[in-house]
Amino acid sequence: METQLQYIDIIKLAVSSMATLIGVFLSWFLKYKYGEYKQRKIDREISHSKLIQTILDQLLEEYNCQRAFILQRHNGGKYKTGKSMTKLSTSFESLEEGVSTEFKQYQNLPMSLYSNFVEDVVNHKAVYPVVDNIEDLITKAFFSQRGSKSSVVYPIRKGSEFIAIVGFEWTHKVEKLDNIFSKIEADVKSMGDTLSKLL
C-alpha cells in the first residue's frame, strides 16, 4: 500500500513538472511567434529598409541622376511543367523631384522575358550611355517606357548568388558616363556587399 502511494506521488510530481515545462514552452513559443521577437524582426526590417533608402537617396544626389532603383529577384510560382518561375520586382526607388515613380509598373517581371538584360547586368555590361542605341528591344523598351535617356545597372550578389539589381537612370538628357563610370562601379561593388546583407 505504501509503495502504491509513493508511485502516485511520483506520478503527481511528473505530471506537475510536465505541465510546468509545457507552460514555459508555450509562453516562449507565443512570445516568439506573436510577441516581442516578432516585433524585433519587424523593427530590424524597417531599420534595414530605411538604411537602403538612405543609400539610394545619397547616390541619386551624388551621381546627379533622376532615378535610382533596386529590383529584387524572387520566386514567382511554377509553370504547368513544374519548372519554377523567377521574377524581379522593384523593392526600392529614389527619385529626383518631378520624376515619375515606376515601382508599381515593375513588379513580378519574369526573368525569362528580360534574360538579355539580366545577362548584361550579371556580366557587368549593363552600361547604356544612350538608351536609344540599345540593341535588345526588350531592354530598350524597359528604359524607354521609364523615360530614361542613359542608365547604368549592376548586380547585387550574396556570395555567388545573384539576388538583386541596382540601377541609376538619367531621364532629362543623355549622360556622359565616362566621367562617373569608374566611380559608380567602385561604389556599387562596396555597396553591393552592404546591400546583400540588408536585403
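Anyway, here's the lowdown on the structure attached to this text. Fair warning: this is a prediction, and the values are worked out from it, not measured in the lab. Here the residue index of a chain counts from 1 through its sequence in written order. Only residues with pLDDT of 70 or above have their local features reported here, since the model is predicted, and side-chain atom pairs are shown and tallied only from 80 upward, although totals for entire chains, interfaces and linings are computed over all residues. Excluded from the side-chain calculation are hydrogens and water; included are all heavy atoms of the structure.

Time to look at the overall build of the protein. Labels follow the DSSP assignment, with helices taken as runs of H or I lasting at least four residues and strands as runs of E lasting at least two, numbered in each case from the N terminus. Summing up its helical and strand segments, the protein has five helices and six strands in all. Element order for the protein, N to C, with α for helix and β for strand: α-α-β-β-β-α-β-α-β-β-α. Throughout, the radius of gyration refers to the C-alpha atoms, and the reference size of a globule is 2.2 Å times the residue count to the power 0.38. Radius of gyration (C-alpha) of the protein: 26 Å, far over the 16 Å computed for a compact globule of 199 residues. Taken over the C-alpha atoms alone, the protein extends approximately 95 × 40 × 30 Å along its principal axes.

Positive phi, normally seen in glycine, also occurs at Asn108, with a value near 55 degrees. Tracing the sequence through the fold places Asn108 in the loop between β2 (84-95) and β3 (109-110). Categorising residues by exposure relies on relative accessible area from a 1.4 Å probe, with only protein chains included: less than 20% of the type maximum marks a residue as buried, more than 50% marks it as exposed, and the intermediate range marks it as partly exposed. On the accessibility criterion, Asn108 (42% relative accessible area) is partly exposed. Phi angles above zero are rare outside glycine, and His124 is one such case at about 60 degrees. Looking at where His124 falls in the secondary structure, it is placed in the loop between α3 (115-122) and β4 (127-128).

What follows concerns the environment of Ser100. Mapping Ser100 onto the fold places it in the loop between β2 and β3. Contact definition: two residues touch when any of their heavy atoms are within 4.5 Å. Sequence-distant contacts of Ser100, that is, excluding residues within four places in its chain, are made with Arg67 and Leu95.

Pairing is antiparallel in the open sheet, where six strands are placed in the order β3-β2-β1-β6-β5-β4. The strands lining the two open edges of the sheet, one partner per strand, are β3 and β4. Criterion used throughout: strands pair if DSSP finds at least two bridges between them. Of the pairings in the sheet, the one linking strand β1 (residues 67-78) to strand β6 (residues 161-170) comprises six bridges and is antiparallel in character. Residue Gln72 lies in a different strand from β6, and its bridge partner there is Ala164.

What follows concerns the packing of aromatic side chains. Aromatic rings from Phe, Tyr and Trp, with only the six-membered ring used for Trp, were paired whenever their centres fell within 6.5 Å, and each pair was classed as stacked if the ring planes differed by under 30 degrees, edge-to-face if by over 60, and tilted otherwise. Per the stated rule, a full pass over the model turns up eight aromatic pairs. Centroid distance Tyr106 to Phe142: 5.0 Å. Interplanar angle 75 degrees. Geometry classified as edge-to-face. Placement of Tyr106 in the loop between β2 and β3 and of Phe142 in helix α4 (residues 137-144) is noted, with a sequence separation of 36 residues between them. Here Tyr106 and Phe142 have matching classes, each one buried.

The next subject is the pattern of salt bridges. Any carboxyl oxygen of Asp or Glu within 4 Å of a side-chain nitrogen of Lys or Arg constitutes a salt bridge here. Tallying each qualifying case throughout the model produces five salt bridges. Across the salt bridge formed by Glu169 and Arg67, the nearest N and O atoms sit 3.3 Å from each other. With a gap of 102 residues between them, Glu169 in strand β6 and Arg67 in strand β1 connect regions that are remote in the sequence. An identical accessibility class is assigned to Glu169 and Arg67; each is buried. Across the pair Arg73 and Glu161 runs a salt bridge, and its minimum N-O distance is 3.8 Å. On the criterion of sequence distance, the pair formed by Arg73 in strand β1 and Glu161 in strand β6 is long-range, its members being 88 residues apart. By relative accessible area, Glu161 is classed as partly exposed at 44%.

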